[in-house]
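# Summary of the model geometry
What follows is each chain in one-letter form.
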2 protein chains.
Amino acid sequence: MEIKEMVEAVCEAKKEVGGLRQVYFVACGGSLGAFYSANYFLQREAVGLRSAAVNSNEFVHEAPSALDERALVVVCSHGGDTPETVKAAELAKKRGASVIGMTYTPGSPLTEFCDYVTDYKFRTDLDRSFAEDKALVPVTIAVEVLRQTEGFAGYEAYVDGLKKIDGIVRHAQEQVKERALRFAETYKDDKIIYTMGSGASYGAAYIQSICIYMEMQWVNSSSIHTGEYFHGPFEITDRNVPFLIQMSEGRTRELDERALRFLKKYAARYEVVDAKELGLSTIDASVVDYFNQTLFTCVYDIYNAAFAEARKHPLSVRRYMWKVSY
Amino acid sequence: MEIKEMVEAVCEAKKEVGGLRQVYFVACGGSLGAFYSANYFLQREAVGLRSAAVNSNEFVHEAPSALDERALVVVCSHGGDTPETVKAAELAKKRGASVIGMTYTPGSPLTEFCDYVTDYKFRTDLDRSFAEDKALVPVTIAVEVLRQTEGFAGYEAYVDGLKKIDGIVRHAQEQVKERALRFAETYKDDKIIYTMGSGASYGAAYIQSICIYMEMQWVNSSSIHTGEYFHGPFEITDRNVPFLIQMSEGRTRELDERALRFLKKYAARYEVVDAKELGLSTIDASVVDYFNQTLFTCVYDIYNAAFAEARKHPLSVRRYMWKVSY
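Below, the structure is looked at part by part.

Counting its secondary structure elements, chain A contains eleven helices and nine strands. In summary, chain A has a C-alpha radius of gyration of 20 Å against a globular reference of 20 Å for 326 residues, a match within 12%. With the C-alpha coordinates aligned to their principal axes, the bounding extent of chain A is approximately 60 × 45 × 40 Å. Taken over 326 residues, chain A has a buried fraction of 64%. Sequence-distant contacts, at least 24 apart, represent 76% of the contacts inside chain A between residues at least 6 apart. When the accessible surface of chain A is totalled, it reaches about 11,700 Å², and 51% of it is carbon and sulfur. Of note, chain A has its 38 positive side-chain charges centred 4 Å away from the centre of its 45 negative side-chain charges.

Residues and elements named next belong to chain A. Looking at helix α8 (residues 177–187), one finds that the buried residues are Arg179, Ala180, Phe183, Ala184 and Tyr187. All buried residues of α8 fall inside an arc of 145° around its axis, so they share one side. Exposed and facing more than 90 degrees away from the buried side of α8 are Glu178, Leu181, Arg182 and Glu185. Buried residues in α8 make contact with α7 (155–175), β6 (192–197), α9 (202–216), β9 (270–274) and α11 (292–311).

Further remarks concern the sheet that holds strand β6 (residues 192–197) of chain B. Residue and element names in this part refer to chain B. In spatial order, the strands read β7-β6-β8-β9; together these four strands make up an open sheet with parallel pairing. The sheet is open, and its two edges are formed by β7 (220–225) and β9 (270–274), each paired on a single side. Geometrically, the sheet is characterised by an average inter-axis angle of 20° between neighbouring strands, direction not taken into account. Bridge count for β6 against β7 is six bridges, and the pairing is parallel.

Parameters at a glance
Residues numbered from 1 in each chain as written. Chains lettered and ligands numbered in written order. Predicted model: local features only at pLDDT ≥ 70, side-chain atom pairs only at ≥ 80, totals over all residues. Heavy atoms only, no water. Helix = DSSP H or I, 4+ residues; strand = E, 2+ residues; numbered from the N terminus. Rg over C-alpha atoms; globule rule 2.2 N^0.38 Å. Buried < 20%, exposed > 50% of the residue type's maximum accessible area, 1.4 Å probe, protein only. Contact = heavy atoms within 4.5 Å. Areas by Shrake-Rupley, 256 points an atom, 1.4 Å probe, with all protein chains shown as cover. Lys, Arg positive; Asp, Glu negative; His and termini not counted. Charge placed at Lys NZ, Arg CZ, Asp CG, Glu CD. Arc of directions from axis to C-beta. Pairing = 2+ DSSP bridges. Axes fitted to C-alpha atoms, helices over the stretch in contact; angles between N-to-C directions.

Right, here's the structure in full:
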């Protein structure tokens, strides 16, 4: 079933109970981070519909009052077996909410509690369009939800963006190949790397920080919002500490530019990943913000493969996950 | 004017335009962090009213569609002169929203664009009740807003909690004095300290990380949500890296307990700040979650004074703020 049809079915069902009132995006870690743009989209563009992105375990322990039959809960788990997220979906069903599940693993435990299930393109699906990227599928769900409830003037522009994003990402991945190798050589012995971002794509910085540097490379990290940087974090800036800064295309680009100006003056070791330079600007300005995250995440894939190789630390190595119970 | 009366005036004014629909908490850095519990409260307890906490500069550059005459914007700046927050208040007024300003500096530029202004207790106000703490004033605003719109069953319990919190915090500050000295001696030479928390008080961990460790002590840091810890960040855990973990009282305590169990097994250097042990449990369970942040932040004041002293690095030292333009 297409996303458009799933959302139509959800909105139709909600008519009987007074209409869709709340969307929850519920997941853990990288999957929660992948919801960032979708939640941001609804919080910025909707005027009545509520939206929140919540960690699955927090959602289960502190279930919100608005989790009822007027809610849509979108859950995501790559393996479909994250226990907290399965519980969250179960709770959502029990409360009468509609549930859309995103998982890469058909028939996984998560799907038992979902009304509708969709998958997404993963790194290894070479032929599949980046329009079906893990961070874009939830945006498409959010865009459909808004269009079918309050209406969304940017809908045509968004659909047009979906047609363009695959070519943009593929080109950008080629474009960064050499600089990814240089980055890997330069920073392979660092003990800490900060990531920076803003706006709808801050989630890409969050994922890069917690899933790549901390989880897969055991490098200390934190994601810093470029609007927050000047209100605390910037005091740790010096000529040694490394930053990976993503320059978004769209309405919050000025925040990123301000942070970069500061880095140019007071830092010496920073890597810039610039959505404008990487060709995102051919997407209409009214919706371009919501495509940044997919571009950044997919470009980071190239950086991360090179980084793991240079460090002789494969991205698949863990010391706790899959090894100890917790 | 009392908070209750301000909110009454706002809600009354909104009746003419269809009723209050959206609350925005807008600030930067520590002031944004101080809004965490208030925004969390509305997102968890309200069913129709929308709420969001947004960095001021992001708010100005990507003004949400729902920023209109049906919105209430609560802004906060200690000095009342944070340029991004002043601009945010100005924009809010221009869009027809009601604006409540929180500032410690009467007559500051921020107040020009506020319909109502309130201050709060600061560290140096020894005689003032902790019920007027910077993180609790916005919760009180949020509680009043909910009571006067949708209704809030926990209202009496919350008012009762306000009566108890001052005694609890004062006692807790005494209780941690010695362990704060031990913490300072133990961690004074560390180059990185992680903070951990969850639920309504995650903001306290965020502030401790960006305003104390990074800004005031130039120590690398990141705040880790205890529900997210197991989905990435926990892989950096070893017997050397230090963690400051806050154990909240209330509905998400189990998340913190799970993280602490893991630390006990695989880490060796961690400090526990436990709201239950510090006496927060005398506040009713229906509202206790919303008092954690004030307790943690005020207890951290004791830790931070000792830490700065042990490191011979006063909390007031900066290398960029007040010194260079940015």
